[in-house]
Every structure is written in structure tokens, then in C-alpha cells.
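Listed below are the residues making up each chain.
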Amino acid sequence: MRIYGLVKELIDLTGEFVKDRIDKEIHIKSFTNWLSKRMDEAVSTEDYEITGHSLEAEIAAHIGRMSRYSNSYIKSALVDLPFTTDMDFAFTAILHRSGPVGKTDLIRKMAYDKSSGMEVIKRLLKSGILEQFPNSDDKRSKLLRLTKKGEENVIKAYSEASKAAKMVSGCLTKNEQITLLRTLKKLDDFHLPIYMQEEKDLNSIIEKYSL
């Protein structure tokens, strides 16, 4: 019976759409655009169950919750591998893909704060996952690379981490996953340069970006 209820709702919405567009062209694209806008307006009037007061705060809260869900799945997936935290694996995976790199550059690739990033690197060096060697282009600095142990374990970790990644996407359809990824990339493009710059005063940042 649920399908008949859905069809009835769709028919009613189509009637509203046609009524709203008297003397205007009617086609499936304009209908889907109208329906999407209507759904957005419906969401904006819902109660914000986590924060209780604004759309922006609710988005931030949900992103924070998703980060905790993701971290818990990754920790479970890597429980039998020599990675103390999810960031240990993330640093190792980035290094596996990029090849030898300096400590500061590796931390920047992870968009991580320097002190916490250095702790991750120190832990990975101590466990024998990473090793450092002289930089031939700059004798004053050293580069990081995976050891044989590190390479073997990061390859093992990929298959386990993929299970965690599948859980994070959860109930989303493929189209929803693509839409979400595009939105997250857009946010990352906006936030990364702000995160990496010297200015950390939030009021100054808001003023600079006219938010």
C-alpha cells in the first residue's frame, strides 16, 4: 500500500506544480527543480534536534557526529594492525600514495595541526612503520618514507578500511554519495586555505570572507 500513497503524494505535488506555473513551460526538469526547492524549504522549517537553534549549527553538529562515527568504524577495522589511532593509518596511507615527503609537508597534506601531527609521526617512527633519511636536496632536513613493515601493513589495512568506508556511506544511494562528495569537496576547498593560514581569530576570518 505504501507505493499507492507515494504515487498519490506525487500526483498532488504535480498538481501544485502545474497550478504554480500557469502560462509557463512545464517539463520534468523544471518540476524536479521546483520539488527540490520545496523540499529544501520544508527542511529549513524543521526542528533542529541536536542544537535546537540554527541550520548552520545543526550542520556543524552533524559533521562532528559523522567524524566520530567514522573514527569508531576505522578503529574497529584496524584493531589487529599496528596502528594506534585512525590518524596513524591516515598518515601512513598518504605517505604510501605520495612517496617520501618532509614532516611538515606530510602534516599539511593531512590538514592537521603541527603538534598533534608530530606526535603521530613520532609514534609511527618508534613502531617501525616509518623511517627518516637525509634529503638530498637539503642536507639540513630529512624525509619520511614507509619501511617494509609499514608498506606491508598499510596494504593490509586498505581492505579493512574499505569496510569502514562502506559503513560510513551507510544507507546513501550512489547518486546521494556523489552529491555528498561534491558538497564535502566544496567545503574542503573553502576551509583548507583558512585552516593553513596564520590568522586564527574567528571574527577576523568571518569578516574577511563576508560570512
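Residues numbered from 1 in each chain as written. Predicted model: local features only at pLDDT ≥ 70, side-chain atom pairs only at ≥ 80, totals over all residues. Heavy atoms only, no water.

Caption draft 1: Expanded view of the packing of aromatic side chains. Following the criterion strictly, the structure yields four aromatic pairs and no others. When the ring of phenylalanine 89 is compared with that of tyrosine 158, the centres are 6.1 Å apart and the planes differ by 70 degrees; the resulting orientation is edge-to-face. Separated by 69 residues along the polypeptide, phenylalanine 89 in helix 4 (residues 86-98) and tyrosine 158 in helix 7 (residues 148-169) bring together distant segments of the chain. What makes phenylalanine 89 buried here is its relative accessible area of 9%. On the basis of relative accessibility, which here comes to 32%, the residue tyrosine 158 falls in the partly exposed class. (Phe/Tyr/Trp six-rings, centres within 6.5 Å; stacked < 30°, edge-to-face > 60°. Helix = DSSP H or I, 4+ residues; strand = E, 2+ residues; numbered from the N terminus. Buried < 20%, exposed > 50% of the residue type's maximum accessible area, 1.4 Å probe, protein only.)

Caption draft 2: Region of the structure containing the nonpolar core. In terms of nonpolar packing, the biggest core is built from 27 residues, with Leu78, Phe83, Phe89, Phe91, Leu106 and Leu130 touching the most fellow members. Among the elements of the structure, helix 3 (55-77), helix 4, helix 5 (103-109), helix 6 (114-126), strand 3 (138-146) and helix 7 are those that each provide at least two residues to this core. Broken down by element, the residue count for this core peaks at seven residues, all from helix 4. Residues contacting leucine 130, with those up to four places away along its chain left out, are Leu95, Leu124, Leu125, Leu144, Arg145, Leu146 and Thr147. (Core = buried A, V, L, I, M, F, W, Y, C linked by side-chain atoms within 4.5 Å. Contact = heavy atoms within 4.5 Å.)

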